[in-house]
Amino acid sequence: MNNQWQQYKQLLNTFVKPALGCTEPISAAYASAVAASMLPATPEQITVHVSDNLYKNSMGVFVPGTGKIGLAIAAAVGAIAGDPEAGLEVLAQITPPQVTQAQALIDTGKVIVKRTDSTEFIYCHVEARCRDYVAVVEISGGHTQITKTTLNGKLVFSNNSCSAQSTSNITDDLDITIQGIYDYAMGTEFTDIAFILEAATLNSTLADEGLAHAYGLQVGRTIDKNIKSGFMAADLNNSIIMRTAAASDARMGGATLPAMSNYGSGNQGIAATIPVEMIAKHYNASDEQLARALILSHLGAIYIKQHYPPLSAFCGNTVTSASAAMAMVYLAGGSYEQSCYAIQNVLSDCSGMVCDGAKSTCAMKVKTSTSSAVTAFMLAMNDTQAFDQGIIAQDIETSIRNIGMLVTNGMANTDTTIINIMSA
């Protein structure tokens, strides 16, 4: 494997990970678990300061295993029962009695959550107290990226170099393009990318859960119900949308199953995986072909998202589904050019979709972007693409840069307005 391809693989290993629960409240749970591990006993008081965007994405989403919403319960149960060695799966082993204990801490006013100004979009500062001990954990630039810990005011750990590894600049020195991603996905040895097949396993299991039980808005279950009643057709298109939405229902509804995340988002990992897996089954693709398609989908999404802040007013499912559409074209036997058409088509279709926090309605947005991906794929296979219209340029790389400018420069005020509305 050449050096560039090794860097591509490192990107995948960094940004495609199993995650239990929405990653913003889980970040607070993780920081609290680490802080608690530094104390001699269970914390008696917890104070959490988070960036606006981390706050926004935690206000309406269920914390897995708790049946409750928000940062306070995430931080409390993380401190009481979280596994500080488990990263984004920090809450995998919590029990109902521990949730009750965490809620009691909240009810007595011992868990305080505040917004704070931060130059980082992902920022979480947790202070945990027990008797005369005070432990502080700071996360910045990534959901589990610890930059500093202190105990009783004394520095225990510091990593100032983490800012250079922030999710917003990791590809600055990397020669990466859609063409390069395509060449890597097509040319690398199967043994080097077989690990990506775990995404299909995890996210498909989550879809099964979302169809079997009532979570959130039950978007997937509602589609399933209407297929069975004859109101909707039992075709591949509706099945793809149904299963992808169902996985998001479960994800946002607090299911105690991990999703394979993409770029810190379980929903985006779902959108990058399930439609691709189902198209692979339709075309009787081999495991190797599925793995190559998932590389296209996941790595393509990571690359496009490097052009704008990691948390913003822009729903990242748009670009994730654009990359999924590219992968569908490959599985259908389409060309590289047609894969680019598919990306262009999705970016043209739903780039106006805003992010107003993580919550059950995210399943609706997953449904929307997934529907766009299927349509974009079909158009691309018919040699049809959106180009040189609006923000979509004649070539794919310029279109991607345009999306980056739209989000970074054009949607900053939108983000502030959304957060103010939600906090009113």
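Up top is the structure these notes are about.
Residues numbered from 1 in each chain as written. Predicted model: local features only at pLDDT ≥ 70, side-chain atom pairs only at ≥ 80, totals over all residues. Heavy atoms only, no water.

(A) Inspection of the overall build of the chain at higher detail. In terms of regular secondary structure, the chain is built from 17 helices and ten strands. Its C-alpha radius of gyration of 21 Å places the chain within 12% of the 22 Å reference for a compact globule of 424 residues. Put simply, the chain has 424 residues, and 57% of those count as buried. Pairs at least 24 residues apart make up 76% of the contacts formed inside the chain by residues separated by at least 6 positions. Surface exposure of the chain reaches about 16,400 Å², of which carbon and sulfur atoms provide 49%. (Helix = DSSP H or I, 4+ residues; strand = E, 2+ residues; numbered from the N terminus. Rg over C-alpha atoms; globule rule 2.2 N^0.38 Å. Buried < 20%, exposed > 50% of the residue type's maximum accessible area, 1.4 Å probe, protein only. Contact = heavy atoms within 4.5 Å. Areas by Shrake-Rupley, 256 points an atom, 1.4 Å probe, with all protein chains shown as cover.)

(B) How the structure looks around the environment of Thr-149. Looking at the secondary structure, you find Thr-149 in strand E8 (residues 146–151). Each C-alpha atom, one on Thr-149 and one on Asn-159, is 9.5 Å from the other, the two residues being ten residues apart in sequence. Here Thr-149 is in contact with Met-38, Val-136, Val-137, Lys-154, Leu-155, Val-156 and Phe-157, once residues within four sequence places are set aside.

(C) Molecular detail of helix H11 (residues 266–282). A rise of 1.5 Å per residue sets the reference length of H11, with its 17 residues, at 24 Å; its end C-alpha atoms lie 24 Å apart and thus fit the reference within 8%. Counting buried positions along H11 gives 15 out of 17 residues, so the element sits mostly inside the fold. (Expected span 1.5 Å × (residues − 1).)

(D) Quick peek at the environment of Ser-37. By secondary structure assignment, the location of Ser-37 is in helix H2 (residues 23–37). For Ser-37, a relative accessible area of 47% gives the class partly exposed. Expressed as a C-alpha distance, the spacing of Ser-37 and Asp-83, which sit 46 residues apart in the sequence, is 8.8 Å.

(E) Spatial organisation of the packing of helix H8 (residues 197–212) against helix H9 (residues 219–228). Contact geometry for H8 and H9: axes closest at 8 Å, N-to-C directions at 70°. The orientation of H8 relative to H9 falls into the category roughly perpendicular. Considering the relative orientation of H8 and H9, their crossing is right-handed. Judged by residue contacts, Gly-210, Leu-211 and Ala-212 of H8 engage Gly-220, Arg-221 and Asp-224 from H9. (Axes fitted to C-alpha atoms, helices over the stretch in contact; angles between N-to-C directions. Parallel < 35°, antiparallel > 145°, perpendicular 65-115°, else oblique. Left-handed = near helix turned anticlockwise from the far one by under 90°.)

(F) How the structure looks around the pattern of salt bridges. One pass over the structure, following the stated rule, counts ten salt bridges. Lys-359 is the salt-bridge partner of Asp-356, the closest N and O atoms lying 2.8 Å from each other. Put simply, Lys-365 and Asp-356 hold a salt bridge, and the shortest N to O gap is 2.9 Å. On the basis of relative accessible area, Lys-365 is assigned to the buried category, the value being 16%. Here Asp-356 falls in the partly exposed class, since its relative accessible area comes to 29%. Connected via shared salt-bridge partners are Asp-356, Lys-359 and Lys-365. (Salt bridge = Lys/Arg side-chain N within 4 Å of Asp/Glu carboxyl O.)

(G) Inspection of unusual backbone geometry at higher detail. One non-glycine residue, Asn-284, lies in the positive phi region at around 55°. With a phi angle near 55°, Asp-388 is a residue other than glycine that sits in the positive phi range. Mapped onto the fold, Asp-388 is located in the loop between helix H15 (362–381) and helix H16 (396–410).

(H) Spatial organisation of the environment of Gly-357. Take Gly-357: it is sitting in the loop between helix H14 (336–350) and H15. Between the alpha carbons of Gly-357 and Thr-417 there is a distance of 12 Å; along the sequence they are 60 residues apart. Apart from the residues lying within four places of it in its own chain, the contact partners of Gly-357 are Lys-56, Asn-57, Cys-362 and Met-422.

(I) Region of the structure containing the side chain of Glu-138. Structurally, Glu-138 is set in strand E7 (residues 133–140). The buried charged residue Glu-138 lacks any salt bridge partner; its closest oppositely charged side chain belongs to Lys-148, at an N-O distance of 4.9 Å. Within polar-contact distance, the side chain of Glu-138 engages the side chain of Tyr-123 at 3.0 Å. (Lys, Arg positive; Asp, Glu negative; His and termini not counted. Polar contact = N/O pair within 3.5 Å; in protein donor to acceptor, adjacent residues only side chain to side chain.)

(J) Layout of H8. Compared with the 22 Å implied by 1.5 Å per residue over 16 residues, the 23 Å span of H8 between its first and last C-alpha is a close match. Within the span of H8, buried status applies to Leu-197, Ala-199, Ala-200, Leu-202, Asn-203, Ser-204, Leu-206, Ala-207, Glu-209, Gly-210 and Leu-211.

(K) Representation of the pairing of E8 in the model. Bridge count for E7 against E8 is five bridges, and the pairing is antiparallel. Paired with Val-136 across the bridge in E8 is Thr-150. Linking E8 to strand E9 (residues 154–158), which pair antiparallel, is a turn of two residues; within it Asn-152 sits at a positive phi near 55°. (Pairing = 2+ DSSP bridges.)

(L) Local environment of the packing of helix H6 (residues 178–187) against H14. Contact pair H6 / H14: the axes reach a minimum separation of 11 Å and the direction vectors enclose 125°. Classified by the angle their axes make, H6 and H14 are oblique. The handedness of the crossing between H6 and H14 comes out as right-handed. Residues Ile-178, Gln-179 and Tyr-182 of H6 pack against Tyr-336, Ser-339, Cys-340 and Ile-343 of H14. Across the contact of H6 with H14, the residue classes tally to five nonpolar, two polar and no charged. (Nonpolar A, V, L, I, M, F, W, Y, C, P; charged D, E, K, R; others polar.)

(M) Geometry of the side chain of Ser-261. With respect to the helices and strands, the residue Ser-261 is situated in the loop between strand E10 (259–260) and H11. Side-chain polar atoms of Ser-261 contact the backbone oxygen of Lys-17, separated by 2.7 Å. Ignoring any residue separated from it by four or fewer positions in sequence, one finds Ser-261 in contact with Phe-15, Val-16, Lys-17, Ala-19, Leu-88, Gly-266 and Gly-269.

(N) Examining the nonpolar core more closely. Ile-178, Tyr-184, Val-276, Leu-296 and Ile-343 are the most contacted members of the largest nonpolar core, which totals 77 residues. What Ile-178 contacts, discounting residues up to four positions off in sequence, is Tyr-303, Met-326, Tyr-336, Cys-340, Ile-343, Ile-396, Glu-397 and Ile-400. Counting residues in each nonpolar core, the second largest holds 44 residues, with Ala-33, Val-48, Val-50 and Ala-74 among its members. (Core = buried A, V, L, I, M, F, W, Y, C linked by side-chain atoms within 4.5 Å.)

(O) Representation of the packing of aromatic side chains within the structure. Evaluated as defined, the whole model comprises five aromatic pairs. Between Phe-15 and Tyr-263 the ring centres are 5.0 Å apart and the planes differ by 45°, which places this aromatic pair in the tilted class. Pair noted here: Phe-15 is in helix H1 (residues 3–15) and Tyr-263 is in the loop between E10 and H11, with a separation of 248 residues, a long-range link. The pair formed by Phe-15 and Tyr-263 is uniform in burial state, with each residue classed as buried. Through successive ring pairs, a cluster of aromatic residues spans Trp-5, Tyr-8 and Tyr-184. (Phe/Tyr/Trp six-rings, centres within 6.5 Å; stacked < 30°, edge-to-face > 60°.)

Any functional reading would require information beyond the geometric quantities listed.
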